[in-house]
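This is what each chain is made of:
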Amino acid sequence: MQKVLNKFGSSQRFLNQVIKSERLVSKKALLKRTVESLRAKIHLAPATLAILIQCAAFITLVAGYWLAGWLAAAYFKTDLNFSIFTLVLMQALLAAIFSYIAGMDSWWRWIHLCFPVAAWGMSQWHVPSELYLAGFIISLSLFWTTFRTQVPFFPSRPIVWQQVAKIIPQTKPVRLIDIGSGLGDMSMYIAKIRPDSHIEGIEIAPLPWMVSFVRAKFRRSSAVFKLGDYTALDFANYDVIFAYLSPAAMLTLWEKASQEMLPGSLLISLEFEIPGIVPTMHIEGSKSSPAIYVWKIA
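Nothing here was measured: the structure is a model prediction, and the numbers come from that model. (Residues numbered from 1 in each chain as written. Predicted model: local features only at pLDDT ≥ 70, side-chain atom pairs only at ≥ 80, totals over all residues. Heavy atoms only, no water.)

Student: Would you mind showing me how to read the overall build of the chain here?
Tutor: Regarding its fold elements, the chain presents 10 helices and seven strands. Per-residue burial over the chain gives 31% buried out of 298 residues. Of the roughly 18,700 Å² of accessible surface on the chain, a fraction of 66% belongs to carbon and sulfur atoms. (Helix = DSSP H or I, 4+ residues; strand = E, 2+ residues; numbered from the N terminus. Buried < 20%, exposed > 50% of the residue type's maximum accessible area, 1.4 Å probe, protein only. Areas by Shrake-Rupley, 256 points an atom, 1.4 Å probe, with all protein chains shown as cover.)

Student: Quick question: what am I supposed to make of the sheet that holds strand β7 (residues 292-296) here?
Tutor: Picture the strands of a sheet paired through backbone hydrogen bonds; they go either parallel or antiparallel. Spatially, the seven strands line up as an open sheet ordered β3-β2-β1-β4-β5-β7-β6, and their pairing is mixed. Two strands close off the open sheet at either side, each with one partner strand: β3 (224-227) and β6 (281-283). Across the sheet, the mean angle separating the axes of adjacent strands is 15 degrees when strand polarity is ignored. Bridging between strand β1 (residues 175-179) and strand β4 (residues 240-243) involves four bridges; their strand directions are parallel. Its bridge partner lying in β4, Leu176 is registered against Val240. With respect to the sheet, helix α8 (residues 185-193) is in contact with β1, β2 (198-203), β3 and β4, its orientation differing from that of β2 by roughly 175 degrees. Relative to the sheet, helix α10 (residues 250-260) contacts β1, β4, β5 (266-270) and β7, its axis offset from that of β5 by approximately 170 degrees. (Pairing = 2+ DSSP bridges. Axes fitted to C-alpha atoms, helices over the stretch in contact; angles between N-to-C directions. Contact = heavy atoms within 4.5 Å.)

Student: Got a minute to help me understand the pairing of β1 in this structure?
Tutor: Residues in a regular strand project their side chains so that they alternate between the two faces of the sheet. Of all five residues that make up β1, four are buried, and the element is covered over most of its length. For the handedness criterion, the β-α-β arrangement of β1, α8 and β2 is classed as right-handed. (Right-handed = clockwise from strand over helix to strand, strands pointing away.)

Student: Would you take a moment to explain the packing of aromatic side chains for this structure?
Tutor: The geometry of an aromatic ring pair comes down to the distance between the two centres and the angle between the two planes. Tallying each qualifying case throughout the model produces eight aromatic pairs. Taking 6.3 Å as the distance between ring centres and 15 degrees as the angle between the ring planes, the aromatic pair formed by Tyr230 and Phe235 counts as stacked. By relative accessible area, which is 13% here, Tyr230 ends up buried. The lysine or arginine in question, Lys256, covers the ring of Phe235, its NZ or CZ lying 4.9 Å from the ring centre. (Phe/Tyr/Trp six-rings, centres within 6.5 Å; stacked < 30°, edge-to-face > 60°. Lys NZ or Arg CZ within 6 Å of the ring centre and 35° of its normal.)

Student: Sorry, what's going on with unusual backbone geometry here?
Tutor: Trans is the prevailing form of peptide bonds, just as negative phi is the prevailing case for residues other than glycine. At Arg220, a residue that is not glycine, the phi angle is positive and equals roughly 55 degrees. For Arg220, a relative accessible area of 79% corresponds to the exposed category. Phi angles above zero are rare outside glycine, and Glu271 is one such case at about 80 degrees.

Student: When you look at the side chain of Glu200 in this model, what are you seeing that I'm missing?
Tutor: Mapping Glu200 onto the fold places it in strand β2. Side chain to side chain, Glu200 and Tyr238 meet in a polar contact 2.8 Å long. The residues touching Glu200, leaving out its near neighbours within four places in the chain, are Arg175, Leu176, Ile177, Asp178, Ser187, Val224, Lys226 and Tyr238. (Polar contact = N/O pair within 3.5 Å; in protein donor to acceptor, adjacent residues only side chain to side chain.)

Student: Explanation requested: the pattern of salt bridges in the structure shown.
Tutor: Where charged atoms of side chains with opposite charge meet at close range, the side chains can pair. Within this structure, the stated rule accounts for five salt bridges. For Lys256, the salt bridge is made with Glu260, and the minimal N-O distance between the two is 3.0 Å. Of this pair, Lys256 and Glu260 both sit in helix α10, four residues apart, roughly one helical turn. Residues participating in the shared-partner salt-bridge network are Arg175, Glu200 and Lys226. (Salt bridge = Lys/Arg side-chain N within 4 Å of Asp/Glu carboxyl O.)

Student: Before we go on, may I ask you to explain the pairing of β3 in this structure?
Tutor: As defined by bridge partners, β2 adjoins β3 across four bridges and the pair is classed as parallel. In the strand pairing of β3, Glu203 is matched with Leu227.

Student: Could you clarify how one ought to interpret the nonpolar core in this entry?
Tutor: Most often, soluble globular proteins have nonpolar side chains that are buried together. Judged by nonpolar contacts, the single largest core of 47 residues is most densely connected at Ile179, Tyr230, Phe235, Leu253, Leu267 and Ile268. Of all the secondary-structure elements, those providing two or more residues to this core are α7 (158-167), β1, α8, β2, β4, α10, β5 and β7. A total of five residues in this core trace back to one element, the largest contributor, which is α7. Contact partners of Phe235, with chain neighbours within four places excluded, come to Ile179, Tyr230, Ile241, Leu253, Lys256, Ala257, Glu260 and Met261. Counting residues in each nonpolar core, the second largest holds eight residues, with Ile53, Ala95, Ala102 and Trp108 among its members. (Core = buried A, V, L, I, M, F, W, Y, C linked by side-chain atoms within 4.5 Å.)

Student: Hey, could you run me through the side chain of Gln91 in this one?
Tutor: By secondary structure assignment, the location of Gln91 is in helix α3 (residues 84-101). Residue contacts for Gln91: discarding those within four places in its chain leaves Gln54, Ala57, Phe58, Leu61 and Pro116.

Student: Looking at this model, I keep getting lost on α7. Mind explaining?
Tutor: What sets the pattern is the α-helix's 3.6 residues per turn: residues three or four places apart point alike. Here α7 has its buried residues at Val160, Trp161, Val164, Ala165 and Ile167. For α7, the angular spread of buried residues about the axis comes to 160 degrees, placing them on one side. Check the buried side of α7 and you find it contacts α8, β4, β5, β6 and β7. (Arc of directions from axis to C-beta.)

Student: Is there a simple way to explain the packing of α7 against α8 in this structure?
Tutor: The relative placement of two packed helices comes down to the angle between their axes together with the axis-to-axis distance. Orientation of α7 relative to α8, taken along the N-to-C sense of each, is 45 degrees, at an axis distance of 10 Å. It follows from the interaxial angle that α7 and α8 lie oblique. Where α7 crosses over α8, the handedness of that crossing is right-handed. Where α7 abuts α8, its residues Trp161, Gln162, Val164 and Ala165 lie against Asp185, Met186, Tyr189, Ile190 and Ile193. (Parallel < 35°, antiparallel > 145°, perpendicular 65-115°, else oblique. Left-handed = near helix turned anticlockwise from the far one by under 90°.)

As structure tokens, this is what we get:
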């Protein structure tokens, strides 16, 4: 009889563990659905969302600190004191968590995590105001249109230039443009190994464009660099369009490319896919290079 009871008891404990496990899984699934629902409802530009997240983290920190201080005074008869650096770390962690919940890309989480700490550090070092002004001007020259275009500054690597050089047609001259050409490295590389072709780069941020323009002159490169917005271009003038933009810009890019590019021309994107559009060619990414997607216009 005792053996039966022991066996029943162990079975009951196992059943209880299964029930607890199922409840935990269901809670995780509910939390995941809630997070996904919140992400689906957020349609703000990343820069706007980042500002709101830092504000939300600050408000949460202040409210939490006030509540914890009240509880400590009311029930433990003590004052709650944290160092400024501890509060800064809490702000950074809260902002990173909110960034994850909002579905921002991974690099934004690192920005949210580092920004409060960096700001506190600079305030402690008594950095001259002139240096802040210089940093602001440089940042403005690099990222001044990121708020509107949602395309930050992304430099590519030599391995990418080499792969793109192999993808473009080899048997005839081509007209290629690198939209968001940055410092111009890829355009100048392609122009060097394909002197029969016409290579252009267009960049909307003034500082990278100026750097690429000057570098091309010093190197005597045949690559041509323009300052402007690629949306003003006529894509029908190019055989190959290379883009290293951001997920937010890909659908708009595809709408323009599919309407304007001629049959047989190539749209090449580094790292970012076009949602719902199957690429003609896909080169897997690695630690040294992101994935490359190619669409041949029909």
